[in-house]
Amino acid sequence: MTSEFWNGDQYDAEAQRLYEAGDYDAALEVLRRALDLHPSSVELLVSLGYTRLAREEYPWARRAFEGALAQEPDHEEALAGLGEVVLKLGERGRAFRAFERILELGFEDDLELMLCVGRSLLREGLLERAERFFRFAVRADGSSAEAALDLAYILYRQDDHEGARYWGRQAVNLDPASDEARALYGNLLYEKGEFAAALEQLERIPPGRVTDPVVAWRIVELTRRLRDLPGDAPEIRPYVMVLDELSADPSPEDRLLAEIEATHSGVLRGRGTDFKNQLDLFGGPPVSMSEGAHRVKGADGSVYEGDWAAIVRAMRDRCPDPSMSIEDFMWGEARRLHDLTGVSVPCDDPRAFLHESARLGALEIER
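Thresholds, definitions, all that
- Residues numbered from 1 in each chain as written.
- Predicted model: local features only at pLDDT ≥ 70, side-chain atom pairs only at ≥ 80, totals over all residues.
- Heavy atoms only, no water.
- Helix = DSSP H or I, 4+ residues; strand = E, 2+ residues; numbered from the N terminus.
- Polar contact = N/O pair within 3.5 Å; in protein donor to acceptor, adjacent residues only side chain to side chain.
- Contact = heavy atoms within 4.5 Å.
- Buried < 20%, exposed > 50% of the residue type's maximum accessible area, 1.4 Å probe, protein only.
- Expected span 1.5 Å × (residues − 1).

Peer 1: Tell me about the side chain of arginine 52, and name the residues and values.
Peer 2: In this fold, arginine 52 is placed in helix H3 (residues 42-54). Polar contacts involving the side chain of arginine 52 include one to the side chain of glutamate 57, which spans 2.7 Å. Not counting chain neighbours up to four residues away, the residues in contact with arginine 52 comprise Leu28, Arg32, Glu57, Trp60 and Ala61.

Peer 1: Before we move on, can you summarise the environment of aspartate 348 with the specific residues and values?
Peer 2: Inspection of the secondary structure puts aspartate 348 in the loop between helix H18 (326-341) and helix H19 (350-359). Between the C-alpha atom of aspartate 348 and that of alanine 334, which follows or precedes it by 14 residues, the distance is 10.0 Å.

Peer 1: Residue-level account of unusual backbone geometry, with values.
Peer 2: One non-glycine residue with positive phi stands out, namely glutamate 56, at about 60 degrees. The backbone of aspartate 228 shows a phi angle near 55 degrees, a positive value even though the residue is not glycine. The exposure class assigned to aspartate 228 is exposed, which follows from its relative accessible area of 68%.

Peer 1: Give a detailed account of helix H13 (residues 213-227), specifying residues and quantitative values.
Peer 2: In a regular helix each residue adds 1.5 Å, so 15 residues correspond to 21 Å; H13 covers 21 Å between its end C-alpha atoms and thus fits that length. Every buried residue belonging to H13 is among Pro213, Val214, Val215, Ala216, Trp217, Arg218, Ile219, Val220, Glu221, Leu222, Thr223 and Arg224, and all of these are buried. Of the residues that open H13, the one with a side-chain oxygen 2.9 Å from the backbone nitrogen of valine 214 is aspartate 212.

Encoded structure:
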C-alpha cells in the first residue's frame, strides 16, 4: 500500500521510523503530508512537536504541542514535550506545572516518560528536579539499566559519589554489555582510588567501542602502572591507537570554541591536547637530577629528582617543544589534563601542579 492510502497511524509510524533513524527532515515532510489529510490528529501533532524539538525549532514545537493539548489537555506525551520546549524558552514555571500534571495523572510508573522528563531537566542543569524523576524511573522498573545509569550520573553531578557508585554498579549488573555503564562505573572507581577495580571495568570495553578519550587514557595509564608494562606492550597498543584517533588536531573553529569555553569556565588557557605527546612525556628511560628533597615517578618508571621547579623543568626538557617556558609547559599540561579528566590543574605553582597531576594519575610523587 502506497502512502496515498495510509491512515493517520500509518503516517505516524513512518514518521517515527524516520525520527529514530535521525532523518528529521524526512520525518517532518511525512508529518506535514499526514496533517494535511488528518489535521485534528493528536498523535500526529505530538510527533510533529518532537520532530520540531529535535530540529531545535522551539516556537514551532510549542505550537504543535499546544495544538495537541487543546484537543486532549491531559495527553501525557504532549505535556512532557511542552514542558521540555518551554524549559528551553525560559518558561520554567510553566514547564514545572506540565511535569507535575503528569505525576498527578498517575504516570510516575511510566519508565520512558519519567526518563524523558528527567533528561529534559538534566539538560537545563536542574539536577535536584531531574533526580526526582530518575528515582521515579528506577521505582517504575527496577530492571532498567538505563534508569540506574541516569540516576548514577545525576548523583555524581551532585557530588553524591557513594550513591553514584551504588547505582553505577547496579547499571553494570543489570546490563553487563553496556559500555556506557562500565565507563561511568569505572571512572567512579578511579576517582575513589580503587584503581585495580576501575581497570577491571574499563578494560572490558573493547578498543573499537571506546569513544571517550578519558576512558582510553585511564586504561593505558592503569595497565602500565598496575602491570608494570612498557608503553608499547601489545595489551596497551590498541588503546594508544584509540587515543591517537580521538585526539586528532581540532579544526581552527574547534580550537576557537574551546578557548572561548575555557575562558568562560575559568579553565586556564594553554596548548591543545596531544595524547601521544602525553604518553611520550612520561615514557623513556629514567631521568635523574641532582639529589633533592623530592622524587617524582612517571607512569612507566621515569624518575625526576630535585625541588618542584627543577622537576617541572626536567619534564619540560623532555617534551616535544623544550624551548617553551616552564609556565607555558604547565599551562599546556593543565589544559590537556582538563580535557582528559574535566578537572582543572593549577599551573602557576610547580608544587600544586605536580600534586594535582599526581592525584589525577598522570605521575606519582614518591617523596
